[in-house]
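Each chain is listed here by its residues.
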Amino acid sequence: MTAPLTPPPPPNHQPPHDAWQAPPAGYGLGHEEDGPGMKTELREAAVIAVAMAVPGALLGVLWWWLAPHVPLISDSTTVFLKDSEGEQAIGVDGTFTLLALAFGLVSALAVFLVRRRGGITLVVALTVGGILGSLLAWRLGIWLGPTQDVVAHAKEAGKGVTFDAPLELGAKGALLAWSFSALLFHLGLTALFGPRDPEPPFEPPYYPPPGPQS
């Protein structure tokens, strides 16, 4: 009869740490509590989108006020441009685009100061809010501008009398300028001044003790 080569472990012996063992109960809960819950993020995103859309009224007023006027003239039968080589129509689109870009910068800065943490919900809020604000500005500017009934306006002005064309946005892509500007500027602010995730503590690798020699 032979005795075992490996002596039995002492009574108080602890098994070596297994690198692949299951984590202790409660591990990782702190990471879930770092940021707000999904419902809170959705609620904040809705508030941000609405708050961004409201200044669209100011954008519409500024666009109506600053945009160049497109002169029209009538010969009692036809309405045509008084200056066929003029660039007033391009200036109308350019004015809206520049104003929308500026509103995007301001709104991105305001959102970053209120909520420095980024996230997909914040990206959606900036996009939706910019589009809603642009749509409100577009429709309000048209409503404040000259009437859309060009024929009636020409008859009211009379033959050979110059009158202003309705305020129109020829380049509909300008409606995305606010969102594009807000997203780009907010991304830059988050990358430069946003909170950083803490570095995980360094844990040296565990090497189990060598087994007893036979």
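Refer to the structure presented above.
Remember, predicted model here, so these are calculated numbers, not experimental data.

Asks: What is the right way to read the pattern of salt bridges from this model?
Replies: Any two side chains of opposite charge can pair, given that their charged atoms come close. For the structure on display, the rule yields two salt bridges. Taking the shortest distance from any N to any O, the salt bridge between Arg115 and Glu41 comes out at 3.8 Å. A residue pair is termed long-range when its members are at least 10 positions apart, and Arg115 in the loop between helix H4 (88-114) and helix H5 (120-144) and Glu41 in helix H2 (residues 38-53) qualify at 74 residues. In terms of burial, Arg115 and Glu41 fall into one category: buried. Between Arg115 and Glu44 there is a salt bridge, and its shortest N-O distance comes to 2.6 Å.

Asks: Explain the pairing of strand E1 (residues 71-74) here, please?
Replies: Across a regular strand the side chains alternate sides, sitting on one face of the sheet and then on the other. The two faces of E1 match: Pro71 and Ile73 on one face and Leu72 and Ser74 on the other face are all buried. Across two bridges, the pairing between E1 and strand E3 (residues 163-164) is antiparallel. The residue bridging Leu72 from the neighbouring strand is Phe163, located in E3.

Asks: What exactly am I supposed to notice about helix H3 (residues 56-66) here?
Replies: Residues spaced three or four apart along an α-helix point in a common direction, a consequence of the helix completing one turn every 3.6 residues. Those residues of H3 that sit buried are Gly56, Leu59, Gly60 and Trp63. The arc that holds the buried residues of H3, viewed along the axis, is 100 degrees, so those residues lie on one side. Next to the buried residues of H3 lie H2, H4, H5 and helix H7 (177-193).

Asks: How should I be thinking about a nonpolar patch on the surface in this particular structure?
Replies: A contiguous nonpolar surface patch, about 650 Å² in accessible area, is contributed by Ile120, Val123, Val124, Val128, Ile131, Leu132, Leu135 and Leu176. If you trace the backbone, Val128 turns up in helix H5. On the accessibility criterion, Val128 (37% relative accessible area) is partly exposed.

Asks: When you look at the environment of Arg139 in this model, what are you seeing that I'm missing?
Replies: Within the secondary structure, Arg139 is located in helix H5. The class for Arg139 is partly exposed, based on a relative accessible area of 48%. Taking C-alpha positions, Arg139 is 9.4 Å from Glu168, a pair spaced 29 residues apart along the chain.

Asks: Explain the packing of H2 against H5 here, please?
Replies: Two numbers describe a pair of packed helices, the interaxial angle and the distance between the axes. The interhelical angle for the contact between H2 and H5, taken along N-to-C directions, is 25 degrees, at an axis separation of 7 Å. With respect to H5, the element H2 is oriented roughly parallel. Taken as a pair, H2 and H5 cross one another with a handedness that is right-handed. Residues Met38, Glu41, Leu42, Ala45, Ile48, Ala49, Met52 and Ala53 of H2 form the contact with H5, whose own contacting residues are Thr121, Leu122, Ala125, Leu126, Val128, Gly129, Gly130, Leu132, Gly133 and Leu136. Along the lines of polarity and charge, the residues of the contact of H2 with H5 split into 13 nonpolar, four polar and one charged.

Asks: Honestly, the side chain of Thr95 in this entry has me stumped. Any pointers?
Replies: Summarising the element assignment, Thr95 is placed in helix H4. Note on Thr95: relative accessible area 16%, which makes it buried. Not counting residues up to four positions away in its chain, the partners in contact with Thr95 are Trp63, Leu66, Ala67 and Pro68.

Asks: Got a minute to help me understand the packing of aromatic side chains in this structure?
Replies: Given two aromatic rings, their pairing is described by the distance between the two centres and the angle made by the two planes. Here the structure, examined in full by the defined rule, presents two aromatic pairs. Consider the rings of Trp63 and Phe96, whose centres lie 5.1 Å apart with planes at 80 degrees: the pair is edge-to-face. You can see Trp63 sitting in helix H3 and its partner Phe96 sitting in helix H4, a full 33 residues away along the chain. Centre to centre, the rings of Phe103 and Trp178 are 5.4 Å apart; their planes meet at 65 degrees, and the pair counts as edge-to-face.

About the cut-offs
- Residues numbered from 1 in each chain as written.
- Predicted model: local features only at pLDDT ≥ 70, side-chain atom pairs only at ≥ 80, totals over all residues.
- Heavy atoms only, no water.
- Salt bridge = Lys/Arg side-chain N within 4 Å of Asp/Glu carboxyl O.
- Helix = DSSP H or I, 4+ residues; strand = E, 2+ residues; numbered from the N terminus.
- Buried < 20%, exposed > 50% of the residue type's maximum accessible area, 1.4 Å probe, protein only.
- Pairing = 2+ DSSP bridges.
- Arc of directions from axis to C-beta.
- Contact = heavy atoms within 4.5 Å.
- Patch = residues over 30% accessible without salt bridge, like charges linked within 9 Å, V, L, I, M, F, W, Y side chains within 5 Å.
- Areas by Shrake-Rupley, 256 points an atom, 1.4 Å probe, with all protein chains shown as cover.
- Axes fitted to C-alpha atoms, helices over the stretch in contact; angles between N-to-C directions.
- Parallel < 35°, antiparallel > 145°, perpendicular 65-115°, else oblique.
- Left-handed = near helix turned anticlockwise from the far one by under 90°.
- Nonpolar A, V, L, I, M, F, W, Y, C, P; charged D, E, K, R; others polar.
- Phe/Tyr/Trp six-rings, centres within 6.5 Å; stacked < 30°, edge-to-face > 60°.

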